[in-house]
Structures are given as structure tokens and as C-alpha cells.
Amino acid sequence: QLRPYLQLTVAVMITSHCANLSVAYVSYPTKVVLKSAKLIPTMIVSTFFFGRKNRYTTKDYIVAACLCIGAAGYSYDPSKKHATE
């Protein structure tokens, strides 16, 4: 009975490690925005998996979007130039 939990633990550890490796190539503000934006897909996926038991209201989605926009605005620095310029 413990085996599925161990498999899930290993999968989460591997995905966390891969996520940390992938964000090593972007700036800190980009990391903050991407990590905060993870909330919205998580809400959508949980709605599909748990159905009516875990419904989010329109207000919940608006609050999550405001959180993401706030993190993006907070980490935005207009004095910095883009890497491509």
C-alpha cells in the first residue's frame, strides 16, 4: 500500500528538480511571475480532477489573476533592458 505514495514522491522530486534546472536560465523576476502564474492552471486542473467537489468561483479566478498581475507588476523594472537589445 505504500508503493503508490513512494512513486508519487519520487515523481514530485524529479519534477521539482527539473523545474529548478529549467528556471536557472531566466532572471529572478521571471521566476517570480512564472511561479505565481502556476496558481491558475492548478485551479483549472483540480476542477477537472475533483469536479463539483472542488469548484472555484469566478471571484476566485479573478483574485488569482490579480495575484499573478501583481507579482508581474512588482517584479517589473523599466530601467532594465531586455537581454535581446
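Higher on the page you've got the structure.
Residues numbered from 1 in each chain as written. Predicted model: local features only at pLDDT ≥ 70, side-chain atom pairs only at ≥ 80, totals over all residues. Heavy atoms only, no water.

**A closer look at the environment of Val-23**
Moving on, step 1. By the secondary structure assignment, Val-23 is in the loop between helix H1 (3–22) and helix H2 (28–37).
Moving on, step 2. Of the residues examined, Val-23 reaches a relative accessible area of 18% and is grouped as buried.
Moving on, step 3. Taking the C-alpha atoms as reference, Val-23 lies 9.2 Å from Leu-34; in sequence the two are 11 residues apart. (Helix = DSSP H or I, 4+ residues; strand = E, 2+ residues; numbered from the N terminus. Buried < 20%, exposed > 50% of the residue type's maximum accessible area, 1.4 Å probe, protein only.)

**Here we look at the packing of aromatic side chains**
Moving on, step 1. Applying the stated criterion across every chain, the model contains one aromatic pair.
Moving on, step 2. Taken together, a centroid distance of 6.1 Å and an interplanar angle of 75 degrees make the contact between Tyr-56 and Tyr-61 edge-to-face.
Moving on, step 3. Judged by its relative accessible area of 30%, Tyr-56 is partly exposed.
Moving on, step 4. Given a relative accessible area of 27%, Tyr-61 falls into the partly exposed group. (Phe/Tyr/Trp six-rings, centres within 6.5 Å; stacked < 30°, edge-to-face > 60°.)

**Comments concerning the layout of surface pockets**
Moving on, step 1. Looking at the second largest pocket, its volume works out to about 220 Å³.
Moving on, step 2. As for the second largest pocket, its lining consists of Val-12, Thr-15, Ser-16, Ala-19, Asn-20, Val-23, Lys-31, Leu-34, Lys-35 and Lys-38.
Moving on, step 3. Sorting the residues of the lining of the second largest pocket by element identifies H1 and H2 as the ones contributing at least two each.
Moving on, step 4. With five residues, H1 is the single largest residue contributor to the lining of the second largest pocket.
Moving on, step 5. Looking at the lining of the second largest pocket residue by residue, the classes come out as four nonpolar, three polar and three charged. (1 Å grid on protein atoms, 1.4 Å probe; cavity = no way out; pocket = protein on both sides within 12 Å on 5 of 7 lines; lining within 4 Å. Points joined across faces, edges and corners; volume = space filled by probe spheres on them. Nonpolar A, V, L, I, M, F, W, Y, C, P; charged D, E, K, R; others polar.)

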